[in-house]
Amino acid sequence: MASHESMCPKPMKATSNGAFQHENPMDYALPLLIVQICLVVAFTRFIAFLCKPLRQPRVIAEVIGGILLGPSAIGRNKRFLEIFFPERSLTVLETVANIGLLFFLFLVGLELDMRSIRRTGTKALCIALAGISVPFVLGIGTSVVLRATISKDVNPAAFLVFMGVSLSITAFPVLARILAELKLLTTDVGRMAMSAAAVNDVAAWILLALAIALSGSNTSPLVSLWVLLCGAGFIVFVVVAVKPLFALMAKHSPEGEPVREIYICITLTVVLACSFMTDTIGIHALFGAFVAGIVVPKDGPFAGVLTEKIEDLVMSLLLPLYFVSSGLKTNVATISGGMSWLLLLLVIFTACFGKIVGTLSVSLLCKVPFREALTLGFLMNTKGLVELIVLNIGKDRKVLNDQAFAICVLMALFTTFITTPIVMAVYKPARHGSPYMIKTVQRKDPDTELRILACFHSTWNIPTLVNLIESSRGTRKRGRLCIYAMHLMELSERPSAITMVHKARNNGLPFWNKKQGDNNDQMVIAFQAYGHLTSVNVRPMTAISSLNNIHEDICSSAHQKRVAMILLPFHKHQRADGMMESLGQSFRIMNGLVLSHAPCSVGILVDRGLGGTSQVHASDVSYNVVVPFFGGCDDREALAYGMRMAEHPGIYLTVIKFITPPGKTLAFGAKLIGVAADENRKVIKVADDSTDDEDKKEDNQFWSDFISVSCKSEESIVYEERLVDSKDDVITVLRERNKSNLICVGRMPPVVPLLDGSDCAELGPVGSYLASSDFSTIASVLVFQQYNPKTDIHPLVMEVSDYSDIPDTPRDRDEV
């Protein structure tokens, strides 16, 4: 009996009685699984952090993390494996990992819209077929070599198909992530790649079903035929019986109302039932979940709610377990000796050559430009999770031995890893736009339309933004105000983020909604509602991108929409106690990059609750607005905006002009801050004490224009000149206005910095002081940088005089 127990250890009990009962929790299934999940998530997220500068998708980090935890690296320490991944725990670990994988494949099916595949053009279809057939044929040749060397005792037919599938796969979810990260998803290359990858994905699953049918323990071809026929019957059953059920639940889930809990429960149960049916047939449980995801209706909120309910738990906790269970089977040490390494190089070369050359050749035949065709080849070479699924099924079915499995895993890792850097090097589409003239608020003709791109990233910004827009629209019959309200969303690893990006416009820019019903973003709906109640044209937009390059979306959209000003939220918000709290350095860096590359003027809004926490009705607007005027182009921009606000009957504008005694400047002996341009972006540099004479002439001219306007509007505009002799005098004058509702100030006026040190250098010498909690907890601040063509020598958008893409900006009220 003892010898029998040593051969077959007892199954682990679920829970322990605790350490105080002298029991080791690591000897029990549940606490050990909890430790494994915590270890795996922490380790893979650390690897993802290291890979982030390389702009690699998280799947790469999770594959690497799984391999490192396995016998290839850390797992070489037998004590480590015995403690954290003992052999008797692997059944539980793989079961939970496969549950996560089932629901992930359901999410992949939710992403895949069969209607888009049916609409696939001839060009994309030919590229997809070439991207499958060429590497599949080469995979057959590679399988012959492998069978002659390291895989002699395997089922030849199953091995041939498995190798062909593993070399011909393009990972649809991973490719979508890479394209979105590189902002190629809505370019011609991105659309062709996604269409071809979708076709490839469906074809790969069909071929995989064939490979699984051939790899059963019963080698009778009749059994394989029955498996395939039953699989086809299952698909018919899902279309006939399951699809109408999903459609009925989607129909009873109207827009704007929560999806009923029973519908979610039924859906998740149906997914598991479908998985059971395909496993019973002998294909794999994953197929059932994938097919169930495909037949869920993509219109309406139902699919989106399902994604939201499932994705975080699956993507964050369960799916990484699959990579580790895969990594525990991968032992790179089995690739030893010259022959093994040559076989690894052969497999990598065959995979890359088949995909790249096959795709490139057909693309060129379809008259795709060479650079785009080469880019398509590398994009279609993306592997990832689907590849690992194929390899793990092959390993479990004894089609792939340890060495062949390790070779194929490294091939998948290498081909996916090289995709992003090579595509970045080969293909960077130039942004072209038609030139436009009015890029500032200050202009010769004040009656022209003012266009503003107002950015926001949370509900916190919306009330102040709406109240600021309401205060800026004026009341005279002059050029109207047009607002592009852009919701800034960080591109995450969630499937729902990619689903949203799929709605992007066809010109490579962030999508903007043409119909109110198309948009489920509650924050954007707030702006739409405001637009319908006023004479302001409000055009909602959504930019979904990584925060480190979302400034490209902002600046490109600003140019395409020909806006005069980009309005950005400050990277800090005010807490209940009045202190300013940072939202993160990423937002601050984003603002700095927009300031550097903007094709127009920029305003940064320090929000201290202008008008309170709700929209103020037009008749109730009553704000005191202050403009400190020191001189310089940025201050002229702030004053021009203040003059526009003063047209509203509820705005009382106070302008304070700072002057110094003869022989002194506002620098008071300190070095001024100026703006210059280097070969990459605009940078801050130290300038001398004097300001440009031409700048002073423009200040005097603009001030005289302002005086003439203020004389006609004495009831709403007042101005005063204040003599200051030191920095302290300037601070004293400003503090007198710390109870105002809004202060508009230039970013780089010719004045001494009012703070000895500040972490808000992007606001300039005066703005950084006004944004400090010591100055005020009431007054919101709007810091302006006027567009300067002299420093815009490396724009993100190249202006082409004959560029035909005219911005779609409505002129009539009913077009909104």
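Before reading further, recall that the structure is shown in the block above.
Residues numbered from 1 in each chain as written. Predicted model: local features only at pLDDT ≥ 70, side-chain atom pairs only at ≥ 80, totals over all residues. Heavy atoms only, no water.

Trainee: Give me the lowdown on unusual backbone geometry, citing residues and values where you can.
Mentor: You will see that K367, though not glycine, has its phi angle at about 65°, which is positive. On the secondary structure map, K367 appears in the loop between helix 15 (337–365) and helix 16 (370–380). Residue K367 is classed as exposed on the basis of its relative accessible area, which comes to 74%. (Helix = DSSP H or I, 4+ residues; strand = E, 2+ residues; numbered from the N terminus. Buried < 20%, exposed > 50% of the residue type's maximum accessible area, 1.4 Å probe, protein only.)

Trainee: Give a detailed account of the pairing of strand 15 (residues 780–785), specifying residues and quantitative values.
Mentor: With 6 of 6 residues buried, strand 15 lies mostly within the body of the structure. Because side chains alternate across strand 15, one face comprises the buried residues S780, L782 and F784, and the other comprises V781, V783 and Q785, equally buried. Here strand 8 (residues 601–606) runs beside strand 15; their pairing, made up of 5 bridges, is antiparallel. Bridge pairing in strand 15 links G603 to F784. Two elements, strand 14 (residues 742–746) and strand 15, share 5 bridges in a ladder whose sense is parallel. When the sheet's bridge partners are listed, G746 is paired in strand 15 with F784. With helix 27 (residues 764–770) bridging strand 14 and its parallel neighbour strand 15, the resulting β-α-β unit is right-handed. (Pairing = 2+ DSSP bridges. Right-handed = clockwise from strand over helix to strand, strands pointing away.)

Trainee: So what about the environment of F106? Which residues, and what values?
Mentor: Mapped onto the fold, F106 is located in helix 5 (residues 90–111). Taking the relative accessible area as the measure of exposure, F106 reaches 0% and is therefore buried. With 204 residues separating them along the chain, F106 and I310 place their C-alpha atoms 9.5 Å apart. Excluding anything up to four places from it in sequence, F106 contacts T267, V271, A289, A292, G293, V296, L306 and I310. (Contact = heavy atoms within 4.5 Å.)

Trainee: How would you summarise the nonpolar core if you had to cite specific residues and measurements?
Mentor: Note on soluble globular proteins: their nonpolar side chains tend to be buried together. One finds F106, L385 and I389 to be the most contacted residues of the largest nonpolar core, which totals 148 residues. The dominant element in this core, judged by the number of residues it contributes, is helix 10 (residues 188–214), at 15 residues. Ignoring any residue separated from it by four or fewer positions in sequence, one finds L385 in contact with V59, L101, F104, V174, L319, Y322 and F323. Among the nonpolar cores identified, the runner-up in size contains 53 residues, and L547, C555, A558 and L763 belong to it. (Core = buried A, V, L, I, M, F, W, Y, C linked by side-chain atoms within 4.5 Å.)

Trainee: Lay out the packing of helix 8 (residues 156–168) against helix 10 in plain terms, naming residues and giving numbers.
Mentor: Running from N to C, helix 8 and helix 10 point in directions that differ by 160°, and their axes come no closer than 9 Å. Relative to helix 10, the element helix 8 lies roughly antiparallel. Considering only the axes of helix 8 and helix 10, their crossing is left-handed. Every residue of helix 10 that contacts helix 8 at A157, A158, V161, F162, V165 and S168 is listed here: N200, A204, L207, L208, A211, I212 and L214. Considering only residue class, the contact of helix 8 with helix 10 consists of 11 nonpolar, 2 polar and no charged. (Axes fitted to C-alpha atoms, helices over the stretch in contact; angles between N-to-C directions. Parallel < 35°, antiparallel > 145°, perpendicular 65-115°, else oblique. Left-handed = near helix turned anticlockwise from the far one by under 90°. Nonpolar A, V, L, I, M, F, W, Y, C, P; charged D, E, K, R; others polar.)

Trainee: How would you explain the pattern of salt bridges if you had to name every residue and give the values?
Mentor: Applying the stated rule across the entire model yields 12 salt bridges. R588 serves as the salt-bridge partner of E762, at 3.2 Å between the closest nitrogen and oxygen. With E762 in the loop between strand 14 and helix 27 and R588 in helix 23 (residues 585–597), this residue pair connects regions lying 174 residues apart in the sequence. Among the residues examined, E762 registers a relative accessible area of 7% and is labelled buried. Here K664 ties to D725 by a salt bridge, and the two come within 2.6 Å at their closest N and O atoms. Separated by 61 residues along the polypeptide, K664 in the loop between strand 10 (651–659) and strand 11 (673–677) and D725 in the loop between strand 13 (717–723) and helix 26 (727–735) bring together distant segments of the chain. Judged by its relative accessible area of 39%, K664 falls in the partly exposed class. Residue classification places D725 among the partly exposed residues on the basis of a relative accessible area of 39%. A cluster of three or more residues bridged by salt bridges with shared partners is formed by E720, R722, E736 and R737. (Salt bridge = Lys/Arg side-chain N within 4 Å of Asp/Glu carboxyl O.)

Trainee: Which residues make up the sheet that holds strand 3 (residues 481–490), and what values go with them?
Mentor: Within the open sheet, the 10 strands sit side by side as 4-3-2-5-8-15-14-9-10-13. Their pairing is mixed. One side of each edge strand has no neighbouring strand; the edge strands of this open sheet are strand 4 (537–545) and strand 13. Strand-to-strand twist in this sheet, taken as the mean axis angle between neighbours without regard to direction, amounts to 20°. Relative to strand 3, strand 2 (residues 450–456) is paired through 7 bridges, and the arrangement is parallel. From the neighbouring strand, L450 faces strand 3, where its bridge partner is L481.

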